[in-house]
Amino acid sequence: MRFIFSITTIFLFGLVTLVSAQEQESFVDPVPEDAVVLPMALDDVINLAHEQSLYSFRSKNMYLARYWEFRSYKADRLPILSLEATPVDYDRSVVNRFDSETGTEYFSQRSYFTSDASLSLRQNVPLTGGVFDVTSSLSRSQNLDDEEDIQYASVPVSVGFSQPLNGYNRFRWEARIEPLKFEKAKRDYLQSLEGLAIQATDYFFGQVTAEINLKIAETNYSNADTLYNIGKGRFEIGTVTQDELLDLELSLLNASMEVTRAKVNLRQSRAELSSFLGLEDNVVIECEIPDEIPELKINPEKAMTLAIENNPDILDFQQRMLEAEQSIARARSESGLNANVRANFGINKNADDVGVAYGSPFADQQQLRVSLSIPLLDWGLRKGQIQMARSNRDVTEATVKQERIDFEQELFIQIMEFNMQEKQVEISAKADTIAQRGYDVTKQRFLIDKVDVIKLNSARNSLDAARRNYISSLRQYWRSYYQMRQYTLFDFIENQPLMQELDYLLQQK
């Protein structure tokens, strides 16, 4: 009798499953007819994010800003040729004049038109912090009240040198800091791309998780509908109690709500991924789950060495210490004797004709100026500035040391976690397979009335959790891998530093 009942139940289950499968088609998340479906693996999503995402565009332009800042630093050490001119300077005014014959002063009106131009070549001298310059200039002055009163003043060549004597040489400090800042900018850019890969991984697996959740919800609904219909048949013959039937009906209602919620979440995940990649609204990404992962173990000592060599945070520590020392040197230069020397030598000439103004003989032009600024009484202001700079240096040094320790500890933890991820993926994959087999066995036993609804639901929940855990372990593995690349700026799969790809990446964008 039990055998006949089991055969009947299995037949009924198959019939209801067929009907439920037809009903389930209405739950499949529809893709618009005009949508463009793009099958993409994780690497494809990351590459596309590098090529056209807004985050990538912003990172590249931040790097280019640092690049041009470094170019400006280099240009400041090259000769600079400049032209300064005042083509029109008209002056009509009343001025105070002195009559030497009568010894009296009087006011009279005058009208003048002047113009001048100068060509100068300036060269900073990084060794001393001074400035060397060569200048040539010409001026023209015309009295409009007397058309014949025209004067030209020429300086064919004038050579000068200015040198501060306060002991602070900004060029020397810039030579130590600016190249370091530019190297840090390169590494910041590469690190931002690895951060972009982490973001892409999150969005990719966010959609994969949403797709898995929808499939689980649809399967749960199909099974809940099937079991509810079987339960109604069993209730009629008295093998299922009313509370068990109500439990089956409640499961069906909950499964229906989960399908609706899962579809909304999937649409949102697709929209977030497409927006992140800068794609049109009608483009739908079909995520291909990376079931295989590389067999990779990272040596902690090697990773630590690579991080110290490549990570921009290490360069940032060095930069902050240099800038703190620079602040002390600047404060010292401003606290004591402040002296500047300016020496200038050249030739000049005045004439009524421009041709004559450039004809020999010329008069000598010489200038020597020494300026001094000596603080006599400042109530400890400058001394306080030096002490503040030293205190800031000490605070920076202590902060940098602590941040260096935290950096190394965090990196070590990340290495250990990554090396465990491969095993976690393997375990979760095996657990997913076992859970699926367990659920299949439990469902078959339920169909022949060997287990109750509670055990069946428990097996279903275990299957869902195992599948989600597997996807979560894959996601965490790839996040952890790109975090290791972000720390070390090293491609462990290809076994090469990411710095080699910098020029190629910039050319591609």
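From a predicted model like this one, the values you see are computed outputs, not experimental measurements.

**Observations regarding the overall build of the protein chain**
- Scanning the protein chain from N- to C-terminus turns up 11 helices and 10 strands.
- A compact globule built from 509 residues would reach a C-alpha radius of gyration of about 23 Å, whereas the protein chain, at 40 Å, exceeds it by more than 25%.
- Based on the C-alpha atoms only, the size of the protein chain along its principal axes is roughly 145 × 55 × 45 Å.
- Taken over 509 residues, the protein chain has a buried fraction of 39%.
- Of all intrachain contacts in the protein chain linking residues separated by at least 6 positions in sequence, the fraction that spans at least 24 positions is 78%.
- Of the accessible surface of the protein chain, which amounts to about 29,300 Å², a share of 54% is contributed by carbon and sulfur atoms.
- The distance from the centre of the 54 positive side-chain charges to the centre of the 75 negative ones in the protein chain is 6 Å.

**Digging into helix H5 (residues 242-277)**
- Spanning 36 residues, H5 covers 52 Å between terminal C-alpha atoms, matching the ideal 52 Å at 1.5 Å per step.
- Two residues or fewer after H5 comes Gly278, characterised by a positive phi angle close to 70 degrees.

**Topic: the side chain of Asn124**
- Here Asn124 is to be found in strand S3 (residues 104-125).
- A relative accessible area of 4% means that Asn124 is categorised as buried.
- Reaching out from Asn124, the side chain makes a polar contact with the backbone oxygen of Asp76 at a distance of 2.8 Å.
- A distance of 3.0 Å separates a polar atom in the side chain of Asn124 from a polar atom in the side chain of Arg122.

**Describing the environment of Ser480**
- Inspection of the secondary structure assignment puts Ser480 in helix H10 (residues 453-488).
- Distance from Ser480 to Gln414, taken between C-alpha atoms, is 7.4 Å for residues 66 residues apart in sequence.
- What Ser480 contacts, discounting residues up to four positions off in sequence, is Gln414, Glu417, Phe418 and Gln421.

**Considering helix H3 (residues 54-75)**
- The first and last C-alpha atoms of H3 sit 31 Å apart over 22 residues, in line with the 32 Å expected at 1.5 Å per residue.
- When H3 is considered as a whole, its buried residues turn out to be Ser56, Ser59, Lys60, Tyr63, Phe70 and Tyr73. One side of H3 carries all its buried residues, which in axial view fall inside an arc of 125 degrees. Across from the buried face of H3, at angles greater than 90 degrees, the exposed residues are Leu54 and Phe57.

**Brief notes about unusual backbone geometry**
- The backbone of Leu489 shows a phi angle near 50 degrees, a positive value even though the residue is not glycine.
- Its place among the elements puts Leu489 in the loop between H10 and strand S9 (490-491).
- Since its relative accessible area comes to 0%, Leu489 is described here as buried.
- Residues other than glycine seldom take positive phi values, yet Asn495 does so here, at roughly 60 degrees.
- Looking at where Asn495 falls in the secondary structure, it is placed in the loop between S9 and strand S10 (496-497).

**Points about the pairing of strand S6 (residues 283-287)**
- Counting buried positions along S6 yields four of five residues, so the element is predominantly enclosed.
- Alignment of strand S1 (residues 36-40) against S6, held across five bridges, turns out to be parallel. Counterpart to Val36 in the pairing with S6 is Val283.

**As for the confidence of the model for the protein chain**
- Model confidence for the protein chain is summarised by a mean pLDDT of 84, while 91% of its residues fall at 70 or above.
- Between residues 1-28, whose pLDDT stays under 50, and residues either more than four places distant or in other chains, the model counts 34 contacts.

**Here we look at a negative patch on the surface**
- Taken together, Asp43, Asp44, Glu286 and Glu288 make up a surface patch of like negative charges.
- Considering the arrangement of structural elements, one finds Glu286 in strand S6.
- By relative accessible area, which is 42% here, Glu286 ends up partly exposed.

Conventions used here
- Residues numbered from 1 in each chain as written.
- Predicted model: local features only at pLDDT ≥ 70, side-chain atom pairs only at ≥ 80, totals over all residues.
- Heavy atoms only, no water.
- Helix = DSSP H or I, 4+ residues; strand = E, 2+ residues; numbered from the N terminus.
- Rg over C-alpha atoms; globule rule 2.2 N^0.38 Å.
- Buried < 20%, exposed > 50% of the residue type's maximum accessible area, 1.4 Å probe, protein only.
- Contact = heavy atoms within 4.5 Å.
- Areas by Shrake-Rupley, 256 points an atom, 1.4 Å probe, with all protein chains shown as cover.
- Lys, Arg positive; Asp, Glu negative; His and termini not counted.
- Charge placed at Lys NZ, Arg CZ, Asp CG, Glu CD.
- Expected span 1.5 Å × (residues − 1).
- Polar contact = N/O pair within 3.5 Å; in protein donor to acceptor, adjacent residues only side chain to side chain.
- Arc of directions from axis to C-beta.
- Pairing = 2+ DSSP bridges.
- pLDDT = per-residue confidence, 0-100.
- Patch = residues over 30% accessible without salt bridge, like charges linked within 9 Å, V, L, I, M, F, W, Y side chains within 5 Å.
- Salt bridge = Lys/Arg side-chain N within 4 Å of Asp/Glu carboxyl O.

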